[in-house]
Amino acid sequence: MPEYPSISSSEIGGLWNTYQQKTMIIRMLEYLIEKADDLQAKEIMTNLYNEVKPYPEKINAIFEKEGVAIPIGFTDEDVRKDVPPFYDNGFDIMFVRLVKEISMGMHTLNLTMSYRKDITLLFRELTTITQKYYDICTQYLLEKGLIPRSPYVSTPDSVAFVKGTGYFGGFNPLSEKRPLNTVEIANIYHAIESNTMGMQMIFGFAQCAEKKEVGKYFSKGGELAKGIVKELSELMIENDIPVPSTHGGNITNSTLAPFSDKIMMYCVSLFCSFSLGGNSLGTAFSLRNDLPAKLSIFMKDIFEYAHEGAKLMIKNGWLEEPPQTVSHKKK
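Calculation rules
Residues numbered from 1 in each chain as written. Predicted model: local features only at pLDDT ≥ 70, side-chain atom pairs only at ≥ 80, totals over all residues. Heavy atoms only, no water. Core = buried A, V, L, I, M, F, W, Y, C linked by side-chain atoms within 4.5 Å. Buried < 20%, exposed > 50% of the residue type's maximum accessible area, 1.4 Å probe, protein only. Helix = DSSP H or I, 4+ residues; strand = E, 2+ residues; numbered from the N terminus. Contact = heavy atoms within 4.5 Å. Polar contact = N/O pair within 3.5 Å; in protein donor to acceptor, adjacent residues only side chain to side chain. Expected span 1.5 Å × (residues − 1). Salt bridge = Lys/Arg side-chain N within 4 Å of Asp/Glu carboxyl O. Phe/Tyr/Trp six-rings, centres within 6.5 Å; stacked < 30°, edge-to-face > 60°. Patch = residues over 30% accessible without salt bridge, like charges linked within 9 Å, V, L, I, M, F, W, Y side chains within 5 Å. Areas by Shrake-Rupley, 256 points an atom, 1.4 Å probe, with all protein chains shown as cover.

On to the nonpolar core, then. Grouped together as the largest cluster of nonpolar side chains are 92 residues, with contacts concentrated most on Phe95, Met201, Phe205 and Phe218. Per-element accounting of this core gives the leading share, twelve residues, to helix H1 (residues 9-35). Those residues within four positions of methionine 201 in sequence are excluded, and the remaining contacts are Tyr87, Phe91, Phe95, Cys267, Val268 and Phe271.

Bringing the side chain of glutamate 30 into the picture now. Residue placement: glutamate 30 occurs in helix H1. Looking at glutamate 30, the relative accessible area reads 12%, which means it is buried. A distance of 2.9 Å separates the side chain of glutamate 30 from the side chain of tyrosine 49, its partner in a polar contact. With residues near it in sequence (within four places) discarded, glutamate 30 still touches Tyr49, Asp76, Val79 and Lys81.

Here we take up helix H9 (residues 290-315). The first and last C-alpha atoms of H9 sit 38 Å apart over 26 residues, in line with the 38 Å expected at 1.5 Å per residue. Residues of H9 that are buried include every one of Asp290, Leu291, Pro292, Leu295, Phe298, Ile302, Tyr305, Gly309, Leu312 and Met313, and no others. Looking at the buried positions of H9, the neighbouring elements they touch are helix H6 (182-208), helix H7 (212-238) and helix H8 (261-284). Positive phi appears at glycine 317, one or two residues downstream of H9, with a value of about 70°.

Among the secondary structure elements, tyrosine 305 is positioned in helix H9. Note on tyrosine 305: relative accessible area 4%, which makes it buried. Counting along the chain gives 81 residues from tyrosine 305 to leucine 224, while the straight-line C-alpha distance between them is 8.8 Å. If near-sequence neighbours (up to four positions away) are discounted, tyrosine 305 is found in contact with Ile202, Tyr217, Phe218, Lys220, Gly221, Leu224, Val268 and Cys272.

The general pattern is negative phi for most residues beyond glycine and trans for most peptide bonds. Even without glycine at this site, aspartate 240 takes up a positive phi of about 60°. Relative to the elements of secondary structure, aspartate 240 occurs in the loop between H7 and strand S2 (250-251).

This part takes up the pattern of salt bridges. Enumeration according to the criterion identifies 18 salt bridges in this entry. Salt-bridge contacts for aspartate 290 lead to lysine 177; the nearest nitrogen and oxygen are separated by 3.6 Å. Here aspartate 290, found in helix H9, pairs with lysine 177, found in the loop between helix H5 (117-144) and H6; they are 113 residues apart in sequence, far enough to count as distant. For aspartate 290, a relative accessible area of 10% gives the class buried. By sharing partners, the salt bridges in this structure join Arg27, Glu30 and Asp76 into a single network.

Next up on the list: the packing of aromatic side chains. Here the structure, examined in full by the defined rule, presents ten aromatic pairs. Considering the side-chain rings of phenylalanine 86 and tyrosine 87, the 4.7 Å spacing of their centres and the 75° angle between planes classify their relative orientation as edge-to-face. On the basis of relative accessibility, which here comes to 1%, the residue phenylalanine 86 falls in the buried class. Members of the aromatic cluster, joined through ring pairs, are Phe86, Tyr87, Phe91, Phe95 and Phe271.

Given 3.6 residues per turn, any residue in an α-helix points the same way as the ones three and four places further on. Here H5 spans 41 Å end to end across 28 residues, near enough to the 40 Å set by a 1.5 Å rise per residue. Looking one or two places after H5, you find glycine 145, whose phi comes out positive at around 70°.

Now for a nonpolar patch on the surface. Residues Val183, Leu281 and Phe285 make up a contiguous nonpolar surface patch of roughly 290 Å² in combined accessible area. With respect to the secondary-structure elements, leucine 281 resides in helix H8. Residue class for leucine 281 comes out partly exposed when judged on its relative accessible area of 49%.

Such coordinate-based values are descriptive only and should not be taken to indicate function.
Here is the structure:
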C-alpha cells in the first residue's frame, strides 16, 4: 500500500497556484528586505521569507514523486536587488500585508479542495504562517500611523428587524436612500483600502516597466483603481461617513525596475483576482439595490482589464500554463 493515494486534479491545481504565488513573494521579498530602511520592517520580512522559502521545494517534492511537471514560477532573473529604492514610507509592509490577505483566501480555498493528509497539512501550515504575518503587519502599520482604522459610527442600542421592501431601495434618485448599514460600510471601506494600495503599487509599476505597452497597461490599471476609490469614497461621504486616508506607501522618483515585467504582470493579475473576489462578497452582502449594481460594474471593468493583461502576458510568453488534462480523443 502506498503511503498516500495518488494526487487529485484539485490538489495539483491548488499546489500549482501556490507555487506561483510563493515564488513571486519570495522574489519580491528579496528586494524589499535589501532596501528596507526600518529595522523592524526588515525583521518582519526576513522572518516571513525564512518561513515561506521552504514551501516551493516541498511542492516540487510532491510533484516530482507524482510525475507532475515542476513549474517554473519566478526565479532570480525576475528581481534586481541593486536598483535604488522604488517605494518608501512603509510601502513594503503595506504590500506584504495585502499579499498575506490574498494568501489567506487562497490557502483556505485550496484546503477545502484537498484530500490527502500531507497536502491538507501543507495548506494548514501556510494558513497559520499567513494569519500570523497578516496580524504582525497590521499592528506594525497601525503603530507607525501608516494605515487608519475603518470609520467609527454610532449604532442603535436595540435590535431591529426589516419592516418592508423599502430597505432594498436605492435606484430611484427621487426617493430617500436608507443609511448604509455596518456590513455594507465594512465591504465598501475594505474595497477603498485595497484599491488605494493597489493604485499606489500599479502606478509605481507603470513608472518603471521596461516595455512601453506594459507601462501603458499598468497606467490604465492605476486609473481604474483610482476611479473605484473615488466612487466608493463618494458613497461614504453621501452617508456622512468620513473616509480615512492612507498615510504610507509613497512612490520614489526611481525609474529603474526592481522586478521583471513578467513578475509585475503576474502580481497585478493576482490583485485583480483578489479584487473580483472582494467585490463578489460585497455584492452578496449588500442589501441596498444600488450597491450590488455599482459593484457589478466594477467587477466587469476589472475582469476586462485582467483579460487584457492575460493577452499581453501570452503575447510576451509570460503566462505559464497550469498542468493540463490529457485528451483521450482520437485525432
